[in-house]
Amino acid sequence: MGKFVIRRLAQAILVLIAATLLLFIGLFVLGDPFASTGDKTVPPETQQILRERFGMDQSLPMQYLTYLGNLFTGDLGVDFNQRRDVSDMIGEALPATARLALIAIIIDVLIGVVAGIIAAVFRYSFWDVLVTILTTLAIGIPTFVIGIWLRQTVSGVWIFPGVPRSFTEVVPWYQEVLLPAVTLAIVDAAFIARLMRGSMLEVLRTDYIRTARAKGLGERTVIMKHAFRNSIIPVVTYVGISIGILLGGALITETLFQYNGVGFLLVKSINQNNNPVIMALVTFAVLIYVFLSMIVDILYAYLDPRIRLS
């Protein structure tokens, strides 16, 4: 296990370096962020001062090496616009995104796993057909379309609160997060239901399930104790990836619902050519993804004894 962790940490460092290098090159190609501000052109003298202030008068390789050095010491740089520490800005946005991700994952796992089990156990029944139709519709409709439809139909109705009418309007966090979480959960729940159904059907056809039934075990025991544990493995993989994506920021959903999380911060930073914030947020998303991939691999070994990590 120790060798496995060391190997994965080495892979994580390589992935981080590759991701930040590609992003650095991409931002360099996009142009000079100080050349203009909105509709106004920045005077050349001011541009030069700003480049020197943020170290952008150096060559691209030197800028990148400086960024890596600062990154490994916890320095994410300073925001171009407000002259604030980027780490402080991310620290303010991250709790909102984490809350959104947690609630969305809970919703889609509960709905997806239960729907997948029902569809597999009652194969070709009305419930199986219903799950298939609903999941097909959910997967085929883009998330932003689902979000717009929910805003227009259920916002302010029943348990769903109204969406803020402006970016400055303040609502309680539980009202702010519910509708975006449902929007994100719908598509993921459909994928999880499909994965769970297919995996469960495959496991139910195995020899050890037939042996368990031949021993006289009840169907509920066979399903929940023997079939469920091995069927859940593909779902664990998908959920791990989903958490990483959500913590990295649900860009469209957070923007659509005016939700001040990491995704909305990234959208604003891209619109403003705010390179330090863009770099920090993308790096953060890569770190989250790599870390959760490690957790998923460890869970594999726990859920399936046949898997051995060397």
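Model, not experiment: these values are computed from the prediction.

Draft legend 1. Here's a closer look at the overall build of the chain. Across its full length, the chain carries 13 helices and two strands. The buried share among the 310 residues of the chain stands at 40%. In the chain, the share of contacts with a sequence separation of at least 24, taken over all contacts with a separation of at least 6, comes to 73%. Per element, the accessible surface of the chain, about 17300 Å² overall, is 67% carbon and sulfur.

Draft legend 2. Structural context of unusual backbone geometry. Its identity as a non-glycine residue notwithstanding, Tyr124 has a phi of 65 degrees, on the positive side. Residue position: Tyr124 is located in the loop between α4 (86-121) and α5 (126-140). On the basis of relative accessibility, which here comes to 63%, the residue Tyr124 falls in the exposed class.

Draft legend 3. Structural view of helix α6 (residues 143-153). Among the residues of α6, those classed as buried are Ile146, Gly147 and Leu150. Viewed end-on, α6 has its buried residues packed into an arc of 100 degrees, placing them on one side of the element. Of the exposed residues in α6, those oriented more than 90 degrees away from the buried face are Trp149 and Gln152.

Draft legend 4. Fine view of the layout of surface pockets. In this structure, the second largest pocket occupies an estimated 300 Å³ of space. For the lining of the second largest pocket, the elements supplying multiple residues, two or more each, are α4, α5, α6 and α7 (173-204). With six residues, α5 is the single largest residue contributor to the lining of the second largest pocket. A class-by-class count of the residues in the lining of the second largest pocket yields 15 nonpolar, two polar and no charged.

Draft legend 5. Molecular detail of the pattern of salt bridges. If you walk through the whole model with that rule in mind, you get two salt bridges. Between Asp128 and Arg197 there is a salt bridge, and its shortest N-O distance comes to 2.8 Å. Remark: Arg197 occurs in helix α7 and Asp128 occurs in helix α5; sequence separation between them is 69 residues. Summarising the burial analysis for this pair, Asp128 and Arg197 share the class buried.

Draft legend 6. Just the confidence of the model for the chain, in detail. Summarising the model, the chain shows a mean pLDDT of 77, and 77% of its residues fall at 70 or more. Ranking the elements of the chain by mean pLDDT puts strand β1 (residues 36-37) last, at 54, and α5 first, at 90.

Draft legend 7. Up close: the nonpolar core. Ranked by size, the top nonpolar core spans 34 residues in total, and within it Val113, Met196, Met200, Val235 and Leu246 carry the most contacts. Looking at this core, the elements with two or more residues in it are α4, α7, α8 (207-214), α9 (219-231), α10 (233-247) and α13 (275-303). Discounting chain neighbours no more than four positions away, the residues touching Met200 are Ile117, Ala120, Ile223, Ala227, Phe228 and Ser231. With 21 residues, the next largest nonpolar core counts Ile90, Val262, Leu265 and Val277 among its residues.

Each value, and the rule that gives it
Residues numbered from 1 in each chain as written. Predicted model: local features only at pLDDT ≥ 70, side-chain atom pairs only at ≥ 80, totals over all residues. Heavy atoms only, no water. Helix = DSSP H or I, 4+ residues; strand = E, 2+ residues; numbered from the N terminus. Buried < 20%, exposed > 50% of the residue type's maximum accessible area, 1.4 Å probe, protein only. Contact = heavy atoms within 4.5 Å. Areas by Shrake-Rupley, 256 points an atom, 1.4 Å probe, with all protein chains shown as cover. Arc of directions from axis to C-beta. 1 Å grid on protein atoms, 1.4 Å probe; cavity = no way out; pocket = protein on both sides within 12 Å on 5 of 7 lines; lining within 4 Å. Points joined across faces, edges and corners; volume = space filled by probe spheres on them. Nonpolar A, V, L, I, M, F, W, Y, C, P; charged D, E, K, R; others polar. Salt bridge = Lys/Arg side-chain N within 4 Å of Asp/Glu carboxyl O. pLDDT = per-residue confidence, 0-100. Core = buried A, V, L, I, M, F, W, Y, C linked by side-chain atoms within 4.5 Å.

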